[in-house]
Amino acid sequence: MEIPAPRRTRIQQEKRELILEAALEVFATNGFRGSTIDQIAEAAGMSKPNLLYYFRRKEDIHETLMQRLLDTWLAPLRELDDVGDPLTELRSYIRRKLEMARDFPRESRLFANEILQGAPRIMPMLEGELKTLVDEKAAVIKGWMRAGKIAPTDPWHLIFSIWATTQHYADFDVQVRAVLGPDRGGDGRFEDAARFLEQLFIDGLKPKS
């Protein structure tokens, strides 16, 4: 019988969170390959041996961050409710994704960096948990189409398009602010984006009379 791992103390958990927060900044800035245990330890304000007590390898830190990120990233999609009004559900999903782009830009860049490298460390997550959930929600969207509640479209590419347009505001935030300029590039840019994307997607998905 497998012996359960000993429960972490409050201080141990706080140290792990400190390391993960530091690692998020380092990975988001330098990518996985450009980051080192020494950089993470320095950012966390602890010695390298102390850090290695909590995480034996850089890969272990990265894997923990990516699993957390995927859980957070998929939460809005999990909430897409098949019994709700389709246009309301999709409008809410777009809003939630934009809120995440605003609130979690480092996490978004970390994920984008991993994908651009070919997802060598998270492919099982993509082919497993992510694919299963997307297939499940694509079936929900297909059901809405069959019921005549939204216009026919490809549900998988609809989901991909929402990802692409909302995460743009995290991954390319510097570009967005530079092009919009000081008058339009402030915090209100996310609300402007939300209104535009709602119009783009929702108007296109309304059933044709």
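On a predicted model such as this, the values are computed, not experimentally measured, just so you know.

Caption draft 1: View of the nonpolar core. Formed by 60 residues in total, the largest nonpolar core has its most connected members in Ile-19, Phe-27, Ile-40, Leu-51, Ile-61, Leu-65 and Tyr-169. Residue contributions to this core peak at 9 residues, all from helix α7 (residues 123-146). Shared between two domains, this core holds at least three residues of each, these being domain 1 (7-56) and domain 2 (63-203). If near-sequence neighbours (up to four positions away) are discounted, Ile-19 is found in contact with Ile-40, Ala-44, Met-46, Leu-51, Tyr-54, Phe-55 and Ile-61.

Caption draft 2: Layout of the domain arrangement of the protein chain. The assigned domain composition of the protein chain is domain 1 (7-56) and domain 2 (63-203). Each partner contributes residues to the interface: domain 1 has 14 residues there, and domain 2 has 10 residues. For the pairing of domain 1 and domain 2, the buried interface totals around 1,100 Å² over both sides, and the portion due to carbon and sulfur atoms is 57%. Put simply, domain 1 and domain 2 have 3 salt bridges between them.

Caption draft 3: Structural detail: the pattern of salt bridges. All told, the structure shown has 20 salt bridges when counted by the stated rule. A salt bridge links Glu-79 to Arg-96; the shortest N-O distance between them is 2.7 Å. Residue Glu-79 is found in the loop between α4 (58-78) and α5 (86-103), and its partner Arg-96 is found in helix α5; the two are separated by 17 residues along the sequence. With a closest N to O distance of 2.6 Å, Asp-192 and Arg-195 form a salt bridge. Here the residue Asp-192 and the residue Arg-195 both occupy positions in helix α10 (residues 189-205), the gap between them amounting to 3 residues, near one helical turn.

Caption draft 4: Quick peek at the side chain of Glu-89. Along the polypeptide, Glu-89 turns up in helix α5. Residues within four places of Glu-89 in sequence aside, it is in contact with Glu-79, Leu-80, Asp-81, Gly-84 and Trp-144.

Caption draft 5: Examining the confidence of the model for the protein chain more closely. On average, residues of the protein chain score 91 in pLDDT, and 97% of them are at 70 or above. Across residues 1-5, confidence stays below pLDDT 50; counting only partners more than four residues off in sequence or on other chains, it has 0 contacts.

Caption draft 6: Inspection of α10 at higher detail. Along its 17 residues, α10 runs 24 Å from first to last C-alpha, staying within 8% of the 24 Å computed at 1.5 Å per residue. For α10, the set of buried residues is Arg-189, Phe-190, Ala-193, Ala-194, Leu-197, Glu-198, Phe-201, Ile-202 and Leu-205. Viewed end-on, α10 has its buried residues packed into an arc of 160°, placing them on one side of the element. Residues of α10 that are buried make contact with α5, α8 (155-171) and α9 (173-184).

Caption draft 7: Up close: the UniProt feature "domain: HTH tetR-type" (unreviewed entry) in the protein chain. Here, the residues flagged by UniProt with the feature "domain: HTH tetR-type" (unreviewed entry) are residues 13-73. Taken end to end, residues 13-73 is 80% helix and 0% strand, and its first and last C-alpha atoms sit 23 Å apart.

Caption draft 8: Quick look at the packing of aromatic side chains. In this structure the tally under the stated criterion is 3 aromatic pairs. Pairing Phe-27 with Phe-32 gives two aromatic rings, centres 5.9 Å apart and planes at 20°, and the pair type is stacked. Residues Phe-27 and Phe-32 agree in their burial class; the two are buried. Here the basic side chain of Lys-58 rests over the ring of Phe-32, its NZ or CZ set 4.2 Å away from the ring centre. The lysine or arginine in question, Arg-121, covers the ring of Phe-32, its NZ or CZ lying 3.8 Å from the ring centre.

Caption draft 9: Representation of the side chain of Lys-137 in the model. Along the chain, Lys-137 falls in helix α7. Here Lys-137 is in contact with Leu-77, Arg-78, Leu-80 and Ile-159, once residues within four sequence places are set aside.

Caption draft 10: Geometry of the packing of helix α1 (residues 10-30) against helix α2 (residues 37-44). Following both chains from N to C, one finds α1 and α2 inclined at 125°, their axes separated by 8 Å at the closest point. The orientation of α1 relative to α2 falls into the category oblique. Relative to α2, the crossing made by α1 is right-handed. Of the residues in α2, those in contact with Leu-18, Ile-19, Ala-22, Ala-23, Val-26, Phe-27 and Asn-30 of α1 are Gln-39, Ile-40, Ala-43 and Ala-44.

Thresholds applied
- Residues numbered from 1 in each chain as written.
- Predicted model: local features only at pLDDT ≥ 70, side-chain atom pairs only at ≥ 80, totals over all residues.
- Heavy atoms only, no water.
- Core = buried A, V, L, I, M, F, W, Y, C linked by side-chain atoms within 4.5 Å.
- Buried < 20%, exposed > 50% of the residue type's maximum accessible area, 1.4 Å probe, protein only.
- Helix = DSSP H or I, 4+ residues; strand = E, 2+ residues; numbered from the N terminus.
- Domains from an automatic or database assignment.
- Contact = heavy atoms within 4.5 Å.
- Buried area = accessible area lost by both parts, 1.4 Å probe.
- Salt bridge = Lys/Arg side-chain N within 4 Å of Asp/Glu carboxyl O.
- pLDDT = per-residue confidence, 0-100.
- Expected span 1.5 Å × (residues − 1).
- Arc of directions from axis to C-beta.
- UniProt positions renumbered as here; feature names shortened; annotations may be inferred.
- Phe/Tyr/Trp six-rings, centres within 6.5 Å; stacked < 30°, edge-to-face > 60°.
- Lys NZ or Arg CZ within 6 Å of the ring centre and 35° of its normal.
- Axes fitted to C-alpha atoms, helices over the stretch in contact; angles between N-to-C directions.
- Parallel < 35°, antiparallel > 145°, perpendicular 65-115°, else oblique.
- Left-handed = near helix turned anticlockwise from the far one by under 90°.

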